[in-house]
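# Survey of secondary and tertiary structure
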Amino acid sequence: TILVQKSVPKKPHPILIFFHGWGSLSANLYGPWLAHLVREGYYVIYPEYQVLNKTKPADVLKAALVGVRDGLELGRFAPGGIDKKSVVVAGHSAGGTLAADYAALAASEGLPPARAVFSYYPGQKPIGGHWTSEVPLSDLAKIPADTTVHAFAGTTDATAGETTARKIVSSATGVPASKKQLTVVSARTLSDHIGPMFFDDAAQQTFWAPLDAARG
């Protein structure tokens, strides 16, 4: 799924790659947030990296990167073009894990590097089903030193907990401490696993605002 402003900008669009949560294929589930990002000027790529109840967790990273490549290729049709030197990658739940994976693998995969990573309530164990594998977490020591890493966890998130979020921050050893941040959300409702899917004022302040600031 590709989202982009219809009006022609004065300069190429920065790129926002957004990886959805496990089973949350429809962009409508994050609709208000994605629409906001488009209004902010981003060229938004939303890879649908799984076939529901069929794609194995171990295979979603490969599928996600295929989706990113397709989205970048379609960027040639975007009014004003896209800026491959200005990439921000974000994701929720399993997508939060994939966002960190992207940052670690971009160079070796020949993809544009991520300036910033926003991993919202990341997790590796899929929800539902009887999967024996997990969403892979790459060698995050390969994330470049000039990448900013933000990980979010919710205090009442019984689905993903805080483990993967903390692992992402601690494992990105090539990134200086000053460019890494772990935010633990305790606000009621927002601290649940689906908190990043809300779009009220509190959600916008907690989840949207830091991502807006990364646009520069």
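Everything quoted here is computed from the prediction, not taken from an experiment.

What follows concerns the packing of aromatic side chains. Scanning all chains against the criterion turns up 11 aromatic pairs. Taking 6.2 Å as the distance between ring centres and 55° as the angle between the ring planes, the aromatic pair formed by Tyr30 and Tyr46 counts as tilted. Of this pair, Tyr30 sits in the loop between strand E2 (13-19) and helix H1 (31-39) while Tyr46 sits in the loop between strand E3 (43-45) and helix H2 (60-74); the two residues are 16 residues apart in sequence, bridging distant segments of the chain. A residue is classified by how much of its surface remains accessible, and Tyr46, at 0% relative accessible area, is buried. Between the aromatic rings of Trp33 and Trp208, the centroid separation amounts to 6.1 Å while the plane-to-plane angle is 10°, which identifies the pairing as stacked. A residue pair is termed long-range when its members are at least 10 positions apart, and Trp33 in helix H1 and Trp208 in helix H5 (residues 201-213) qualify at 175 residues. Members of the aromatic cluster, joined through ring pairs, are Phe18, Tyr30, Trp33, Tyr46, Phe118, Tyr120, Tyr121, Phe152, Phe207 and Trp208.

Turning to the packing of H2 against helix H3 (residues 94-105), a few remarks are in order. Between H2 and H3, the least distance of the axes is 11 Å, while the angle of their chain directions is 70°. As the angle between them shows, H2 and H3 are arranged roughly perpendicular. The element H2 and its partner H3 pack so that their crossing is right-handed. Judged by residue contacts, Val60, Leu61, Ala64, Leu65 and Val68 of H2 engage Leu98, Asp101, Tyr102 and Leu105 from H3.

When you line up the elements, Gln124 lands in the loop between strand E5 (116-120) and strand E6 (148-154). Under the relative-accessibility criterion, Gln124 is labelled buried at 13%. Among residues more than four places away in sequence, those in contact with Gln124 are Thr97, Glu134, Val135, Pro136, Leu137, Thr164 and Lys167.

Our next topic: empty space enclosed by the protein. Under the definition given, this model contains 1 cavity of 30 Å³ or more. Space inside the largest cavity adds up to approximately 40 Å³. Looking at the largest cavity, the residues that line it are Leu29, Tyr30, Pro32, Trp33, Pro196, Met197, Phe198, Phe199 and Trp208. Here the residues of the lining of the largest cavity sort into 9 nonpolar, no polar and no charged.

Attention now goes to the pattern of salt bridges. Inspection of every chain in the model, using the stated rule, returns 3 salt bridges. For the salt bridge of Arg76 with Glu73, the shortest nitrogen-to-oxygen distance reads 2.5 Å. Taking the relative accessible area as the measure of exposure, Arg76 reaches 52% and is therefore exposed. In this structure, Glu162 and Arg166 form a salt bridge, with 2.8 Å as the shortest nitrogen-oxygen distance. With relative accessibility at 24%, the residue Glu162 sits in the partly exposed group. On the basis of relative accessibility, which here comes to 44%, the residue Arg166 falls in the partly exposed class.

Structurally, Ser86 can be placed in strand E4 (residues 82-92). Among residues more than four places away in sequence, those in contact with Ser86 are Pro14, Ile15 and Arg115.

Moving on: the nonpolar core. Residues Ile15, Ile17, Phe19, Val89, Leu98, Tyr102 and Ile143 are the most contacted members of the largest nonpolar core, which totals 36 residues. Secondary-structure elements contributing two or more residues to this core are E2, E3, H2, E4 and H3. Examining the composition of this core, we find that 8 residues originate from one element, H3, more than from any other. Not counting chain neighbours up to four residues away, the residues in contact with Tyr102 comprise Ile17, Phe19, Leu65, Val68, Val87, Val89, Leu111, Pro112 and Ala114. Judged by nonpolar contacts, the second largest core, of 26 residues, contains Val44, Ala116, Tyr120 and Tyr121.

Let us look at unusual backbone geometry. The residue Asn53 is not glycine, and still its phi comes out positive at about 70°. Mapped onto the elements, Asn53 comes out in the loop between E3 and H2. The backbone of Thr189 sits at a positive phi, close to 80°, despite the residue not being glycine. With respect to the helices, strands and loops of the structure, Thr189 is situated in the loop between strand E7 (180-185) and H5.

Definitions and cut-offs
The written sequence of each chain sets the order in which its residues are numbered from 1. Owing to the predicted nature of the model, reporting of local features is limited to residues with pLDDT of at least 70; listing and counting of side-chain atom pairs is limited to 80 or more, with chain, interface and lining totals taken over all residues. To obtain the side-chain values, all non-hydrogen atoms of the structure were included, while hydrogens and water were left out. The criterion for an aromatic pair is that two Phe, Tyr or Trp rings (for Trp, the six-membered ring) have centres within 6.5 Å, with stacked assigned to planes under 30 degrees apart, edge-to-face to planes over 60 apart and tilted to the rest. Under the DSSP-based scheme used, a helix requires at least four consecutive residues in state H or I and a strand at least two consecutive residues in state E, with every element numbered from the N terminus. Partly exposed describes any residue whose relative accessible area lies between the buried limit of under 20% and the exposed limit of over 50%, with all areas from a 1.4 Å probe on protein chains only and scaled to the type maximum. Here an angle of 0 to 180 degrees is reported between the N-to-C directions of two axes, which are lines fitted to C-alpha atoms, with helices fitted over the stretch in contact. An angle below 35 degrees is read as roughly parallel, one above 145 as roughly antiparallel, one from 65 to 115 as roughly perpendicular, and any other as oblique. Note on convention: the crossing is left-handed when the near helix lies turned anticlockwise from the far helix by less than a right angle, right-handed when the turn is clockwise. Only heavy atoms matter for contacts: two residues are in contact if any of them lie within 4.5 Å across the pair. Both site types are read off a 1 Å grid over the protein atoms alone. A 1.4 Å probe that fits but cannot get out defines a cavity, while an open set with protein on both sides within 12 Å along at least five of seven lines defines a pocket; lining residues have an atom within 4 Å of a point. Grid points are joined across faces, edges and corners, and a volume is the space filled by probe spheres set on the points. Put simply, Ala, Val, Leu, Ile, Met, Phe, Trp, Tyr, Cys and Pro go in the nonpolar bin, Asp, Glu, Lys and Arg in the charged bin, and everything else, Gly too, in the polar bin. By definition here, a salt bridge exists when the distance from a side-chain nitrogen of Lys or Arg to a carboxyl oxygen of Asp or Glu is within 4 Å. The criterion is simple. A nonpolar core is a set of buried Ala, Val, Leu, Ile, Met, Phe, Trp, Tyr and Cys residues joined through side-chain atoms within 4.5 Å.

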